Amino acid sequence: MSLLKGLSARARSLLSSRASEARMEEEFRFHIAMETDRLVAEGLSPHEAHRRALVAFGGLDHHREAMRDGRGARLLADFIGDVRYALRAMRRSPGFAIAVAVTLGVGIGVNGIVFGFVNALLFRPIPASNSVQLVGVFTVDTKTGSPGLLAYEYYVDFRAQSGAFASLGGATGVPLNLVAAGTSGAASAADMVWGELVTENYFTVLGMRPVIGRLFAASDAPQGANPFVVLSYESWQHRFHGDSSVISRVVRINGAEFTITGVAPRGVKGMRTFGFWPEMWVPVGMHDVDLVIAAMQAREADPASTGRP
Amino acid sequence: MASRHPPESDALRGSIDLLVLKALSLAPMHGWGIGLRIQQISRGRLEVNQGSLYPALQRLEHRGDIESAWQSTENNRRARYYTITRQGRKALGEEVDKWKRFADTIALILES
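Residues numbered from 1 in each chain as written. Chains lettered and ligands numbered in written order. Predicted model: local features only at pLDDT ≥ 70, side-chain atom pairs only at ≥ 80, totals over all residues.

## Notes on the overall build of chain A
A tally of regular secondary structure across chain A gives eleven helices and nine strands. Going through the 309 residues of chain A one by one, you find that 22% of them count as buried. Pairs at least 24 apart in sequence give 65% of the contacts found in chain A among residues at least 6 apart. (Helix = DSSP H or I, 4+ residues; strand = E, 2+ residues; numbered from the N terminus. Buried ≥ 20, exposed ≤ 12 C-beta atoms within 10 Å, placed from the backbone. Contact = placed C-beta atoms within 7 Å.)

Right, dumping it as structure tokens:
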């Protein structure tokens, strides 16, 4: 009980050094006043009594410092004592100490990783110049409430007739088979990359400017006549080593030749927070070529269409 | 007043703690009262700055040997009253025993 009171007194003086100072000053004043009264009662003049009371007390500042030192030393001694106690406890049960250390380590580590992901995924600002004015349009499943995709025809209708938006762009993720000659121009291997089919006004709606080259423009709208590709900044850096001569270079996507026209701003990973981030964007007009892979995958997944028994 | 005050030796500091506990074992008291009581008990033989009491009181309170609270004196002044705790009584008993053994040992040596 008294141990608890000692602890609480310690905590009080630790937490409120101002309160400790005030209490000290009041106690000192009270002491001098009482001593002065006692000396006056013995027949001294009040002035002389006060002087003698101060002398008997000893240097006020000296005692003030001693009190402060006491509080500081207490702090340090407590800390050293706590550390020593902790070390003793650890030595007594090293298995438990290791278990706790590992638990804490893993816990903190996992927390850090999760926070890193959440920070990168959820709190990533949409990399558009006018992001406050941006809205997303989805269909919603009335039963599950989960968002779905909008068919291209609906998109065209919305864009032409809704009147609610200054402009409306569209994008959908698509796996692409990419064959790009390395910067050396020699060996080139086929790669599976994630891309996005986007409407020709996609980058315009987002107000983005290319790092180099050009992004898509209205002239890229015609169906099937616009084999152009815009690279993400990261893809440009990693796949093409940031080489600025990639503009106008021809790459093969799903077997067809596409010309690189530009590089999107750094950090642009499409509008998705989760999922697959596109390495490149191709105009939606090229969907006949771009969606071939998806069609092939569908056929392979269905044994009936491969003609096997 | 402006004279230097050398820090008390450990022995004196220890004896102040002991004297404070002894004074408080009789009845709760404020700082000035404790000083007066110690002077009375020692019949004025102990020359200690009255102010030295307060670091000792703080030390004992941190240790849990005494506790304190504001109260009014009979003259209606606000004063911090100190009370000895059960732990403090135990510590006092042990210290007194230690002093007695020490004194006995010295006496034994001197009388042999």
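## Section: the overall build of chain B
What chain B contains, in helices and strands, is four helices and three strands. Listing the helices and strands of chain B from first to last along the sequence gives α-β-α-α-β-β-α. For chain B, buried positions account for 32% of its 112 residues. Within chain B, counting contacts between residues at least 6 apart in sequence, those at least 24 apart form 49% of the total.

## Describing the sheet that holds strand S2 (residues 66–72) of chain B
Residue and element names in this part refer to chain B. The three strands are arranged S1-S3-S2 in an open sheet whose pairing can be described as antiparallel. Two strands close off the open sheet at either side, each with one partner strand: strand S1 (29–30) and S2. Pairing geometry for S2 and strand S3 (residues 78–84), over seven bridges, is antiparallel. Looking across to S3, one finds that isoleucine 66 is bridged to isoleucine 84. Relative to the sheet, helix H3 (residues 53–63) contacts S2 and S3, its axis offset from that of S2 by approximately 120°. (Pairing = 2+ DSSP bridges. Axes fitted to C-alpha atoms, helices over the stretch in contact; angles between N-to-C directions.)

## Side note on unusual backbone geometry
Negative phi characterises most residues that are not glycine, and trans characterises most peptide bonds. All names here are of chain A. Notably, histidine 241 is not glycine yet its phi reads approximately 55°, a positive angle. In this fold, histidine 241 is placed in the loop between helix H8 (233–239) and strand S7 (250–253). Classification of histidine 241 by C-beta neighbours within 10 Å gives exposed; the count is 10.

## So, the pairing of strand S9 (residues 280–283) of chain A
Residues and elements named next belong to chain A. Burial along S9 is two-sided: the face carrying Met280 and Val282 and the face carrying Trp281 and Pro283 are both buried. In this structure, strand S6 (residues 228–231) lies alongside S9, joined through two bridges in antiparallel fashion. Bridging across to S9, leucine 231 finds its partner in methionine 280.

## Structural notes on the pairing of strand S8 (residues 256–263) of chain A
All names here are of chain A. Bridging between strand S5 (residues 212–213) and S8 involves two bridges; their strand directions are antiparallel. Pairing of glycine 213 across the sheet is with glycine 262, part of S8. As defined by bridge partners, S6 adjoins S8 across four bridges and the pair is classed as parallel. Looking at S8, one finds that leucine 231 is bridged to valine 263. With four bridges joining them, S7 and S8 adopt antiparallel strand pairing. When the sheet's bridge partners are listed, valine 251 is paired in S8 with phenylalanine 258. Counted between consecutive antiparallel strands, the loop separating S7 from S8 contains two residues, among which asparagine 254 sits at a positive phi close to 55°.

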